[in-house]
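What follows is the residue order along each chain.
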Amino acid sequence: EDNQHTFDDEAGPLTLNAFDLIILSQGLNLSALFDRRQDYGKLQNRFLSRKPANVILSSMEVVAQSMGFKTHIRNYKMRVEGPNANKTSHLTIMLQIFEVAPSIFMVELERSAGDTSEYNKFVNNYCSKLDDIIWKVSAEKGKSRTSRLSKR
Amino acid sequence: MDPVDSRGKSNNLTISVSEVEALFELFKSISGSVIDDGLINKEEFQLALFKNTRKENLFANRIFDLFDVKKRGVIDFGDFVRALNVFHPNFPVEEKIDFSFKLYDMDGTGFIERKEVKQMLIALLGESEMRLSDEIVETILDKTFSDADTNQDGKIDRTEWENFVSRNPSLLKIMTLSYLKDITTTFPSFVFHSEVDDIVT
């Protein structure tokens, strides 16, 4: 694992425009037409955060390592890799932080290698531990709440 | 299938015979998945993209509409191959830019209007289970339009789009399917025409 984070001279994460966001849609990913497997599951996930980018990055690194994965960071992109729960296969996930609006960031997760269902299990587990940094806006008038409130 | 389309452009394909045959196998698999009629309907298209027949998606609908050139609500094999041809890695970038412009110009006015981009952005957020306030959405649109809409008339015309894409080439990555990559032979349309007859009958 990489203890030294390498940063280029850029000021922060890449900024995405509306079209950069639009092209993330699953409906525009026609390579799925060629994938004739029947297993259902996403290969890409994303969430928003209002924490500073370096806080997002270090939280993601700490959580991944606590789950037993190795991490490698370059700028605002992180590779997470390790064996799955039963040590029967390998899983690699790429994560990248982007800025979508001033102080509003989006983390994009993508499976790079490994089983679809293992990837989906990882994402569920990982994101539940990232509660503190994930910004979920409730349906009522943009009031923010953390996901802890929903577990009553 | 005419060798020349209604705009007088030739239907030159970048895809080879063997790849057309492979695409036909794919076409058969998709077009037979709900109703076995040799045509891809919206449900079958959704099933192929999302593994779910009931998933409604604004962008998948746009893609379907652009494949369905004859506006019949179904995609035949000719439509399928001609549309996928645009996604070939060697296909001219100008045509990819053209396709993407038509994709986002949802009401076909010849302009990508701010309200259309707003609708698409909101659809993406919904699909991703992310919510942003209207104010933040407007901020994102402001920034996008100040970059793309050089004459500041509130809409993106074809030329502005071309310039914007050349400054942001990653926007075209959805327009190339690397699966089609090992195709290197340009296929003359008249030969394609006769080969398709052989395959289909």
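Residues numbered from 1 in each chain as written. Chains lettered and ligands numbered in written order. Predicted model: local features only at pLDDT ≥ 70, side-chain atom pairs only at ≥ 80, totals over all residues. Heavy atoms only, no water.

**A word on the overall build of chain B**
Per the secondary structure count, chain B includes nine helices and four strands. Going from N to C terminus, chain B has its helices and strands arranged as α-β-α-α-β-α-α-β-α-α-β-α-α. A buried classification covers 47% of the 201 residues belonging to chain B. Considering only contacts in chain B between residues 6 or more positions apart, those separated by 24 or more positions represent 56%. Approximately 9,700 Å² of chain B is accessible, and the part contributed by carbon and sulfur atoms is 51%. (Helix = DSSP H or I, 4+ residues; strand = E, 2+ residues; numbered from the N terminus. Buried < 20%, exposed > 50% of the residue type's maximum accessible area, 1.4 Å probe, protein only. Contact = heavy atoms within 4.5 Å. Areas by Shrake-Rupley, 256 points an atom, 1.4 Å probe, with all protein chains shown as cover.)

**So, the pattern of salt bridges**
Residue and element names in this part refer to chain B. According to the stated counting rule, one finds 19 salt bridges over all chains in the structure shown. Put simply, Lys70 and Asp79 hold a salt bridge, and the shortest N to O gap is 2.8 Å. For Lys70, a relative accessible area of 41% corresponds to the partly exposed category. Close ionic contact of Lys102 with Asp98 constitutes a salt bridge, the shortest N to O distance being 3.0 Å. Remark: Asp98 and Lys102 occur in helix α5 (residues 93–104); sequence separation between them is four residues, near one turn of the helix. Residue classification places Lys102 among the partly exposed positions, given a relative accessible area of 38%. One continuous salt-bridge network, built from bridges that share partners, spans Lys70, Arg72, Asp76, Asp79 and Arg82. (Salt bridge = Lys/Arg side-chain N within 4 Å of Asp/Glu carboxyl O.)

**With respect to the interface of chain A and chain B**
Residue-level contacts link 36 residues of chain A with 46 residues of chain B. A combined buried area of about 3,600 Å² lies between chain A and chain B, and 73% of that area is made up of carbon and sulfur atoms. Summed over the shared surface of chain A and chain B, the result is zero salt bridges. Taken together, the elements giving at least two residues each to the side of chain A that touches chain B come down to α1 (18–22), β2 (44–49), β5 (90–101) and β6 (104–113) of chain A. Partitioning the side of chain A that touches chain B into residue classes produces 22 nonpolar, eight polar and six charged. (Buried area = accessible area lost by both parts, 1.4 Å probe. Nonpolar A, V, L, I, M, F, W, Y, C, P; charged D, E, K, R; others polar.)

**A word on the domain arrangement of chain B**
Residues and elements named next belong to chain B. Per the domain assignment, the segments making up chain B are domain 1 (14–89 + 176–191) and domain 2 (92–174). Just the C-alpha atoms count here: the centres of domain 1 and domain 2 sit 25 Å apart. With 12 residues of domain 1 in contact, the opposing surface of domain 2 contributes 15 residues. Roughly 1,200 Å² of surface becomes buried between domain 1 and domain 2 when both sides are summed, with 66% attributable to carbon and sulfur atoms. For domain 1, the biggest contributors to the area lost against domain 2 are Phe59, Arg62 and Leu66; these three give 42% of the whole. At the junction of domain 1 with domain 2, the criterion picks out zero salt bridges. (Domains from an automatic or database assignment.)

**Describing helix α2 (residues 53–66) of chain A**
Since there are 3.6 residues in each turn of an α-helix, residues three or four apart along the chain are aligned in direction. All names here are of chain A. Look at α2: 20 Å from first C-alpha to last across 14 residues, which is about the 20 Å you get at 1.5 Å a residue. In the core, the buried residues of α2 are packed alongside β2, β3 (70–74), β4 (77–83), β5, β6 and α3 (116–129). Just past α2, the residue Gly68 takes up positive phi, approximately 90°. (Expected span 1.5 Å × (residues − 1).)

**Quick word on the environment of Phe47(A)**
For Phe47(A), the position within the fold is in strand β2. The class of Phe47(A) is buried, set by a relative accessible area of 6%. Here the alpha-carbon distance between Phe47(A) and Leu33(A), two residues 14 residues apart in the chain, equals 26 Å. Once residues within four sequence positions are removed from consideration, Phe47(A) is found in contact with Met60(A), Phe105(A), Met106(A), Val107(A), Leu109(A), Cys127(A), Leu130(A), Ile133(A), Ile134(A) and Met130(B).

**Thoughts on the UniProt feature "domain: EF-hand" (unreviewed entry) in chain B**
Here the UniProt feature "domain: EF-hand" (unreviewed entry) sits at residues 55–90, 92–127 and 136–171 of chain B. Taken end to end, residues 92–127 of chain B is 72% helix and 6% strand, and its two terminal C-alpha atoms sit 31 Å from one another. (UniProt positions renumbered as here; feature names shortened; annotations may be inferred.)

**Section: the packing of aromatic side chains**
Aromatic ring pairs are defined here through the distance separating the ring centres and the angle between the ring planes. Residue and element names in this part refer to chain B. With the rule as written, the count across this model stands at 15 aromatic pairs over all chains. Each ring, one from Phe24 and one from Phe77, has its centre 4.7 Å from the other, and the planes form 75°; the classification is edge-to-face. You can see Phe24 sitting in helix α1 (residues 17–31) and its partner Phe77 sitting in helix α4 (residues 77–85), a full 53 residues away along the chain. The residues Phe24 and Phe77 share a single accessibility class, namely buried. Both rings, one in Phe45 and one in Phe67, keep their centres 6.1 Å apart while their planes meet at 55°; by these two values the pair is tilted. Taken as a pair, Phe45 in helix α2 (residues 42–50) and Phe67 in helix α3 (residues 58–67) lie far apart in primary sequence, 22 residues in all. Owing to a relative accessible area of 1%, Phe45 belongs among the buried residues under this scheme. (Phe/Tyr/Trp six-rings, centres within 6.5 Å; stacked < 30°, edge-to-face > 60°.)

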